[in-house]
Amino acid sequence: MTDRLRAVRGHLVLAAVGLACVFPIYWMYATSLRRPGDVFATSLLPWPLSLGSYREAARELDVVGLLANTAVVAVGVAVGQLLVALLAAYAFAAYRFRGEKLLYLAMIGTWLIPFQVTMLPNYVLLYQAGLLNTLAGVILPQLLSGVAVLLLRSHMRSIPGELLEAARMDGRGSWGTLWTVVVPVLRPALAALAILLFVTAWNEYFWPAMVLQRSGAVIQLGIRGFLGTEGVRWGPLMAASGLACLPVFALYLVLQRQVVSAFVRSGLR
């Protein structure tokens, strides 16, 4: 009976935490579906429903273009960070060489450097390279993620050495072992990390604002237009924010099985 009570308490706590996390998202969509005059209403259900805020957001913003640019940046950053981290983690996990620990600590140390320290040198480099006001200028300085290297290396160190040795004895080189043995084993971890990197890049605001310097570049900068000096236009702001969240939800729905599997495997190790 005691174990059952503990399980019930645990589920109640998780349910309360889940509701606390979901409610702001629900309120965002509820506000976006209210009539313009009912934006500040406190009722939980938005009734009568209205798409006026979405029409206003679509009239003032090129929503499709902004989402496409944001997707290019987020996918480029996430794929680049994932590929660089995969290669670096494989080198640190599978090989032993002089200066390995020092190089690994230096790479992980980049995670601890504040963005404010690197933003001005990166900005100057982009200016000299002629990459300001381009999506490539947003992507290139973000292709290394120290935390991604750290996470993938820890997962790779858990792969039995016998499995890698068997692949080498089977005639596979380092490149073939990575893509035919290591990557399939790490698929859940890679999916979970891909979501983390994609969401981080998708939500980035300050660096795109520095590089692109125009409001019609990515969705985060477009949403800024509803924060006027005469007041915040909450209806279209919530509508545009709700549209900006949809690709993230779609990505999670596609990869949710791999994410759950990654957490389960991490808990069993």
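The rules behind these values
- Each chain has its residues counted from 1, following the order in which its sequence is written.
- The predicted origin of the model limits local features to residues at a pLDDT of at least 70 and limits the giving and counting of side-chain atom pairs to 80 or more, whereas totals for whole chains, interfaces and linings rest on all residues.
- Side-chain measures here rest on the full set of heavy atoms in the structure, leaving out hydrogens and waters.
- Secondary structure elements are defined from DSSP: runs of H or I of at least 4 residues count as helices, runs of E of at least 2 residues count as strands, and each element is numbered from the N terminus.
- Relative accessibility thresholds used throughout: buried, under 20% of the residue-type maximum; exposed, over 50%; partly exposed, between the two (1.4 Å probe, protein chains only).
- By salt bridge we mean one thing: a side-chain nitrogen of Lys or Arg within 4 Å of a carboxyl oxygen of Asp or Glu.
- What a helix is expected to span follows from its residue count: subtract one and scale by 1.5 Å.
- We call a set of buried residues a nonpolar core when its members are Ala, Val, Leu, Ile, Met, Phe, Trp, Tyr or Cys and they connect through side-chain atoms within 4.5 Å of each other.
- The contact criterion used throughout is that any non-hydrogen atoms of two residues lie within 4.5 Å.
- Cavities and pockets are found on a 1 Å grid laid over the protein atoms alone: a cavity is a set of points where a 1.4 Å probe fits but cannot escape, a pocket is an open set with protein on both sides within 12 Å along at least five of seven lines, and a lining residue has an atom within 4 Å of such a point.
- Grid points are joined across faces, edges and corners, and a volume is the space filled by probe spheres set on the points.
- Think of it as three bins: nonpolar holds Ala, Val, Leu, Ile, Met, Phe, Trp, Tyr, Cys and Pro, charged holds Asp, Glu, Lys and Arg, and polar takes everything else, Gly as well.
- Only centres within 6.5 Å qualify two rings of Phe, Tyr or Trp (six-membered ring in Trp) as a pair; their planes then separate them into stacked at under 30 degrees, edge-to-face at over 60, and tilted for everything else.

Q: Give me unusual backbone geometry: which residues, what numbers.
A: Across the junction of Trp 47 and Pro 48, the peptide omega takes the value 0 degrees, indicating a cis bond. In this fold, Pro 48 is placed in the loop between α1 (2-32) and α2 (52-60). For Asn 133, which is not a glycine, the phi torsion comes out positive at approximately 60 degrees. Here Asn 133 is to be found in the loop between α5 (115-129) and α6 (135-139). Looking at Asn 133, the relative accessible area reads 34%, which means it is partly exposed.

Q: I'd like a rundown of the pattern of salt bridges, residues and numbers included.
A: Side-chain pairs of opposite charge can arise where the charged atoms are in close proximity. Taken as a whole and assessed by the stated rule, the structure comprises 4 salt bridges. Of the charged contacts in the structure, one is a salt bridge between Asp 38 and Arg 35, with a shortest N-O distance of 2.9 Å. By relative accessible area, Asp 38 is classed as partly exposed at 24%. A relative accessible area of 40% places Arg 35 in the partly exposed class.

Q: Please provide a residue-by-residue account of helix α10 (residues 187-203), values included.
A: Helix length check: α10, at 17 residues, gives a terminal C-alpha distance of 24 Å against a target of 24 Å (1.5 Å per residue), a fit within 8%. Residues of α10 that are buried include every one of Pro 188, Ala 189, Leu 190, Ala 191, Leu 193, Ala 194, Ile 195, Leu 197, Phe 198, Ala 201 and Trp 202, and no others.

Q: Which residues make up the nonpolar core, and what values do they have?
A: If you look at the biggest cluster of nonpolar residues, it comprises 63 residues, and the most contacted ones within it are Val 149, Met 156 and Val 182. A total of 15 residues in this core trace back to one element, the largest contributor, which is helix α3 (residues 63-94). In this structure Val 182 touches Tyr 90, Met 156, Ile 159, Leu 164 and Thr 177, once residues within four positions along its chain are discounted.

Q: An account of the layout of surface pockets is requested, with residue identities and associated values reported.
A: A probe as big as a water molecule, rolled over the atoms, marks out the empty space that is left. Of the voids in this model, the largest pocket is the one considered here, and its volume is about 670 Å³. When residues of the lining of the largest pocket are traced back to their parent elements, those giving at least two are α3, α5, α7 (146-156) and α10. Top contributing element to the lining of the largest pocket by residue count: α10, with 4 residues. Each residue belonging to the lining of the largest pocket can be placed in one class, and the counts come to 12 nonpolar, 8 polar and 1 charged.

Q: Any details on the packing of aromatic side chains? Residues and values, ideally.
A: Overall, the coordinates contain 7 aromatic pairs when judged by the stated rule. Both rings, one in Phe 23 and one in Tyr 26, keep their centres 6.3 Å apart while their planes meet at 40 degrees; by these two values the pair is tilted. Taken together, the residues span about one helical turn, with Phe 23 and Tyr 26 both in helix α1 at a distance of 3 residues. Here the aromatic rings of Trp 175 and Trp 179 are separated by 5.7 Å at their centres, their planes lie at 65 degrees, and the arrangement is edge-to-face. A residue pair is termed a helical-turn pair when its members lie 3 or 4 positions apart in one helix, as Trp 175 and Trp 179 do in helix α9 (residues 174-185) at 4 residues. Accessibility expressed as a relative area gives 58% for Trp 175, which makes it exposed.

Keep in mind these numbers describe shape, not what the thing actually does.
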